[in-house]
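Residues per chain are reported as follows:
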Amino acid sequence: MKESTKLTTGNISSLVGTGAGFDLMRYYTLPDFLGKDAPYLLYYMGKNMARQTEISTLDDLYEFFQYMGWGELVLTKEKRKEMIFQLSGHMIEKRLNQKMFEVDFRMECGFMAEIISQISDHTYECFEEKNHKENFVEIKALKG
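Rules behind the numbers
- For every chain, the first residue of the written sequence is number 1, and numbering continues from 1 along that sequence.
- Given that the model is predicted, a residue must reach a pLDDT of at least 70 before its local features are reported, and side-chain atom pairs must reach 80 or more before they are shown or counted; all residues, however, enter totals for whole chains, interfaces and linings.
- With hydrogens and water stripped out, all remaining heavy atoms of the structure feed into the side-chain values.
- A pair of Phe, Tyr and Trp rings is counted when the ring centres sit within 6.5 Å of each other, with Trp represented by its six-membered ring. The angle between the planes then sorts it: under 30 degrees is stacked, over 60 is edge-to-face, the rest tilted.
- Burial classification: accessible surface area is computed with a 1.4 Å probe over protein chains only, and a residue below 20% of its type maximum counts as buried, one above 50% as exposed, and the rest as partly exposed.
- The numbering of helices and of strands both runs from the N terminus, where a helix is a DSSP run of H or I of at least 4 residues and a strand a run of E of at least 2.
- The pairing criterion for strands is at least two bridges between them, as found by DSSP.
- When checking whether two residues touch, look at their non-hydrogen atoms; a contact exists if any pair is within 4.5 Å.
- Salt bridges, as used here, are contacts in which a Lys or Arg side-chain nitrogen is within 4 Å of a carboxyl oxygen on Asp or Glu.
- Axis definition: a line fit to C-alpha positions, over the contact stretch in the case of helices; interaxial angles, taken between N-to-C directions, run 0 to 180 degrees.

Undergrad: Teacher, can you tell me more about the packing of aromatic side chains here?
TA: Describing an aromatic ring pair means giving the distance of the ring centres and the angle of the ring planes. In the structure shown here, the tally under the stated rule is seven aromatic pairs. Consider the rings of F65 and W70, whose centres lie 5.0 Å apart with planes at 75°: the pair is edge-to-face. Overall, F65 belongs to the buried group, its relative accessible area being 0%. Ring centres of W70 and F111 lie 5.3 Å apart, and the angle between their planes is 80°; this geometry places the pair in the edge-to-face category. Taken together, the residues span a long stretch of sequence, with W70 in the loop between helix 4 (58–68) and strand 1 (72–78) and F111 in helix 6 (residues 106–120) at a distance of 41 residues. Judged on exposure class, the residue W70 and its partner F111 are both buried.

Encoded structure:
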């Protein structure tokens, strides 16, 4: 069995992609295959991907999001049991404003929940709220 390599911003930066094919697969084809469980499965796919990724700081997480084409991630508020992030940028605006299919950010939320849990050594779950008017997504990380 081949030993897997951990994902890093260094080794994913060499990948080429526009994101259009990824979005079609993610929002159009996968939900067709996965059915009503698609949001849950995408969340856990994100968590699984995070387990295969070497990220040890929030700055690494922000950089990873950029390389993945997931948008610009910024921590906007931090409380004792909650962290609030804003996900924005050109790609987010395009996803939120397209009319072909309903978009979600469950994979990103699952990925973030796992990484923040690893970084902080506490359990976190993440939930998204789309702001179509201002073209950003707010992601809340809640400590379990």
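Undergrad: How should I be thinking about the pairing of strand 4 (residues 136–143) in this particular structure?
TA: Judged from the six bridges that link them, strand 2 (residues 82–88) and strand 4 form a sheet pairing that is antiparallel. Counterpart to M83 in the pairing with strand 4 is A141. In the sheet, strand 3 (residues 124–131) pairs with strand 4 via eight bridges, with the strands oriented antiparallel. Of the residues in strand 4, the one forming a bridge with N131 is F136.

Undergrad: Can you help me understand the side chain of S88 in this one?
TA: Of note, S88 is situated in strand 2. Setting aside residues no more than four positions away along its own chain, S88 makes contact with G71, E72, N135 and F136.

Undergrad: Can you walk me through the pattern of salt bridges in this structure?
TA: Pairing of side chains with opposite charge becomes possible as their charged atoms draw close. Counted under the stated rule, the structure contains eight salt bridges. Ionic pairing is found between K47 and E114, a salt bridge with its closest N-O pair at 3.9 Å. Within this pair, whereas K47 is found in helix 3 (residues 38–51), its partner E114 is found in helix 6, the two being separated by 67 residues in sequence. Of the residues examined, K47 reaches a relative accessible area of 7% and is grouped as buried. Classification of E114 by relative accessible area gives buried; the value is 13%. With a shortest N-O distance of 3.7 Å, K79 and E82 are connected by a salt bridge. Shared partners join several salt bridges into a network, and the residues in it are K47, R51, E114 and E125.

Undergrad: I keep staring at the sheet that holds strand 3 and nothing clicks. Help me out?
TA: Picture the strands of a sheet paired through backbone hydrogen bonds; they go either parallel or antiparallel. Taken together, four strands build an open sheet; the order of strands is 1-2-4-3 and the sheet is antiparallel. Both outer strands of the open sheet, strand 1 and strand 3, are each paired with one neighbouring strand and no more. Each neighbouring strand pair of the sheet contributes to a mean axis angle of 25°, computed without reference to strand direction. The strands touched by helix 4 within the sheet are strand 1 and strand 2, with strand 1 carrying the most contacts at an inclination of about 145°. Sitting on the sheet, helix 6 touches strand 1, strand 2, strand 3 and strand 4, and the angle it makes with strand 3 is about 140°.

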